[in-house]
Amino acid sequence: MFRIVFAFALAVLSGCTTVVIDEYRRSDGELAHGDSVVILGRRHSSEYETEPDLIDCVGNRLNDPERGVKVIPEQQFVDAMYPWFEPRTAPMHLKSLDRLMEIPEVRDRLEAYGVKYIVWIDGSTETTSSAGSIGCSIGTGGAGCFGFGTWDKESDYEASVWDFRDQELSGKMSADAKGTSYMPAIVVPIPLIARVQNNACKGMAAQLQQFLLPGQPVNSKS
Amino acid sequence: MAFPKNGFSAVTKIILIAATLLAGACSHTVQVGGEYPAPVGPQHPLTVGIYLSEGFSNFTYTEDAEDRDEWNIDTGRAQKALFETVLGSMFTETVPLSQYPQNLPGDVELVIVPEVRELQFTMPRETRVNIFEVWIKYDMHAYDQQGNSVADWVITAYGKTPTAFLKSREDALAQAINVALRDAGATLYTGFAQVPGLRAILAQKQRSLSMKEADAPTETAAGQD
């Protein structure tokens with residue numbers, strides 16, 4: 001009973017989010033035993049930065065060694081391949097990856113990791129507009145806040161899946177999420193937060209899972 | 001109001017404490033620390049001395065502009081660790097030098113001396129972009145065994161990090177500096193052989209190694225005769 005009430009309260013207290021997923025697939029995923037997947041964020045733009053927590057979120061949702069998806073954590077991979085996957089040096093195209101493979105030490109290390117797919121995620125979540133105001137005051141009689149605030153957030157991410165062994169683009173998918181959060185304050189502020197980035201992460205992870213494990217049901221981690 | 005003869009009055013103490021707290025509220029200290037990975041790739045066949053001066057190893061950037069709070073950013077320890085790791089992996093042999101140009105070991109072919117030229121940073125409040133940005137410029141100097149300048153080049157490093165919920169400005173800036181330092185290491189490693197003076201030294205060394213390798217079987221064959 002408590003769980004139902006808690007879930008209902010959560011649903012009521014969170015803002016609304018819509019997520020749109022698009023996909024272009026050139027081939028289905030083929031993961032053999034021992035293969036691994038790397039999920040990396042693009043960090044070359046000067047105007048935004050693909051958030052490391054989004055990359056962690058997608059990686060954690062996707063990582064399922066029992067079903068054959070082994071995800072190498074982003075930082076571990078970038079450290080192991082230093083300095084070839086830094087924002088300035090990371091390969092932007094498959095041709096650049098090809099050139100990188102000409103360095104024997106780099107090729108050996110990538111092969112030792114059993115990398116089959118490199119997934120590049122590019123994009124960010126931004127607050128697009130906000131309105132309203134909340135005022136708080138404190139006095140001898142007590143403290144309290146009054147007012148109303150609202151803000152919109154938009155997530156726009158695109159994932160490119162590179163097949164490292166076949167040196168080809170296996171597919172592209174995008175996740176666009178929008179949501180509005182509200183914060184009414186009557187003595188106490190009550191945040192009704194739309195989890196825009198988290199929903200974009202869930203959508204993208206589910207889509208990547210369908211790509212990597214075709215024909216298998218999507219495992220939805222909480 | 002009568003002041004006590006010895007020491008400060010209670011009011012003066014409160015004022016002093018409040019003033020100290022207010023002054024402290026506008027001053028920020030960032031201690032950048034970190035471990036940096038060794039580069040993956042081929043090593044240059046040189047024995048190189050690395051001289052990281054006291055000023056470099058204990059570098060603290062202080063900014064007290066009128067339109068900004070006071071910032072003290074200590075990057076010395078982190079950049080020392082970075083240069084030691086990256087330069088230490090770039091060459092077949094490296095020798096850390098505690099002083100230069102005195103007591104230079106005889107087998108050192110090249111000495112590398114980095115210096116910080118400039119450090120700049122911006123906050124999201126200033127740029128209205130939701131990221132912290134850092135630029136660091138290093139002057140790099142290379143000398144031969146006799147102390148003659150072989151090459152001078154500049155490394156420009158850039159790092160940024162998005163603002164994060166519940167993260168202080170100090171932590172965000174330290175993270176951006178770490179990204180910039182990694183960028184400096186990447187540029188140092190990937191750009192070293194492109195510096196004209198150094199490219200010539202590397203080519204000369206490769207030639208002499210190739211000639212040695214070519215001569216080696218002849219010497220062996222001559223020894224057998």
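Residues numbered from 1 in each chain as written. Chains lettered and ligands numbered in written order. Predicted model: local features only at pLDDT ≥ 70, side-chain atom pairs only at ≥ 80, totals over all residues.

Colleague: Got a minute to help me understand the sheet that holds strand β1 (residues 27-31) of chain B in this structure?
Modeller: The strands that make up a sheet pair up through hydrogen bonds in the backbone, lying either parallel or antiparallel. Residues and elements named next belong to chain B. Taken in spatial order, the three strands line up as β1-β4-β3 in an open sheet, and their pairing is mixed. Two strands bound the open sheet, and with one partner strand each, they are β1 and β3 (60-63). Taken pair by pair, the neighbouring strands of this sheet meet at an average axis angle of 10°, ignoring direction. Of the strand pairs in this sheet, β1 and strand β4 (residues 70-74) are connected by five bridges, and their pairing is parallel. Of the residues in β4, the one forming a bridge with H28 is W71. (Pairing = 2+ DSSP bridges. Helix = DSSP H or I, 4+ residues; strand = E, 2+ residues; numbered from the N terminus. Axes fitted to C-alpha atoms, helices over the stretch in contact; angles between N-to-C directions.)

Colleague: Explain the interface of chain A and chain B to me, please; I cannot follow it from the model alone.
Modeller: The accessible area lost on association of the parts is a frequent measure of interface size. Contact with chain A, which involves 16 residues of that partner, is made by 16 residues of chain B. Looking at which element gives the most residues to the side of chain A that touches chain B, the answer is helix α5 (residues 104-112) of chain A, with three residues. Partitioning the side of chain A that touches chain B into residue classes produces seven nonpolar, one polar and eight charged. (Contact = placed C-beta atoms within 7 Å. Nonpolar A, V, L, I, M, F, W, Y, C, P; charged D, E, K, R; others polar.)

Colleague: Before we go on, may I ask you to explain the packing of helix α3 (residues 76-90) of chain B against helix α5 (residues 169-191) of chain B in this structure?
Modeller: Relative placement of two packed helices is described by the angle separating their axes and the distance separating the axes. Residues and elements named next belong to chain B. Here α3 crosses α5 at 25°, and the two axes come no closer than 10 Å. The orientation of α3 relative to α5 falls into the category roughly parallel. The hand of the α3/α5 crossing is right-handed. Packed against α3, whose contacting residues are A78, Q79, L82, V86 and M90, the element α5 presents N178, L181, A184, G185, L188 and Y189 at the interface. Its residues assigned to classes, the contact of α3 with α5 shows eight nonpolar, three polar and no charged. (Parallel < 35°, antiparallel > 145°, perpendicular 65-115°, else oblique. Left-handed = near helix turned anticlockwise from the far one by under 90°.)

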